[in-house]
Amino acid sequence: MVIPVAMEETVCAKVPAELKKKLSSLGVNVSALIRETLQSEVDRLERERLNKLAKEVSEILKKIPPEEFTESIRATRDSR
């Protein structure tokens, strides 16, 4: 998922000179690589956070007896 860029911020990082030379000699677009890598990391961290929340919700829901779910669903259906 790529977030449309409305406003941009500048991020600076120091890398070893040899690495920069290798990237340049290989024709790597460092700016694009950094943007893609940062976006991938954000996506990964968001998925991780959502998975954690889903596990927490699952643990909470396990404590509710199935009969309560059934009663709640029936009550909702009957109120329509």
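Residues numbered from 1 in each chain as written. Predicted model: local features only at pLDDT ≥ 70, side-chain atom pairs only at ≥ 80, totals over all residues. Heavy atoms only, no water.

Trainee: What exactly am I supposed to notice about the overall build of the protein here?
Mentor: Along its length, the protein carries three helices and zero strands. When the elements of the protein are put in sequence order from the N terminus, they spell out α-α-α. Its C-alpha atoms put the protein at 70 × 25 × 20 Å along the principal axes. Within the protein, the proportion of its 80 residues that are buried is 5%. Working note: accessible area of the protein is about 7800 Å², and carbon and sulfur atoms make up 59% of it. The positive charge centre, built from 15 side chains, and the negative charge centre, built from 14, are 6 Å apart in the protein. (Helix = DSSP H or I, 4+ residues; strand = E, 2+ residues; numbered from the N terminus. Buried < 20%, exposed > 50% of the residue type's maximum accessible area, 1.4 Å probe, protein only. Areas by Shrake-Rupley, 256 points an atom, 1.4 Å probe, with all protein chains shown as cover. Lys, Arg positive; Asp, Glu negative; His and termini not counted. Charge placed at Lys NZ, Arg CZ, Asp CG, Glu CD.)

Trainee: What exactly am I supposed to notice about the pattern of salt bridges here?
Mentor: Where charged atoms of side chains with opposite charge meet at close range, the side chains can pair. Inspection of the entire model under this criterion finds three salt bridges. Arg44 is the salt-bridge partner of Glu48, the closest N and O atoms lying 2.8 Å from each other. Residue Glu48 and its partner Arg44 are both found in helix H2 (residues 30–62); the two are separated by four residues, about one turn of the helix. A relative accessible area of 46% means that Glu48 is categorised as partly exposed. By relative accessible area, Arg44 is classed as partly exposed at 34%. With its nearest N and O atoms 3.2 Å apart, the salt bridge here joins Lys62 to Glu59. Of this pair, Lys62 and Glu59 are both found in helix H2, three residues apart, which corresponds to roughly one turn of the helix. Several salt bridges share partner residues, and in doing so they unite Glu41, Arg44 and Glu48 into one network. (Salt bridge = Lys/Arg side-chain N within 4 Å of Asp/Glu carboxyl O.)

Trainee: Could you clarify how one ought to interpret a nonpolar patch on the surface in this entry?
Mentor: On the surface, a cluster of nonpolar side chains totalling about 330 Å² of accessible area is made up of Val57, Leu61, Phe69 and Ile73. Sorting the residues of the nonpolar patch by element identifies H2 and helix H3 (66–78) as the ones contributing at least two each. Looking at where Val57 falls in the secondary structure, it is placed in helix H2. (Patch = residues over 30% accessible without salt bridge, like charges linked within 9 Å, V, L, I, M, F, W, Y side chains within 5 Å.)

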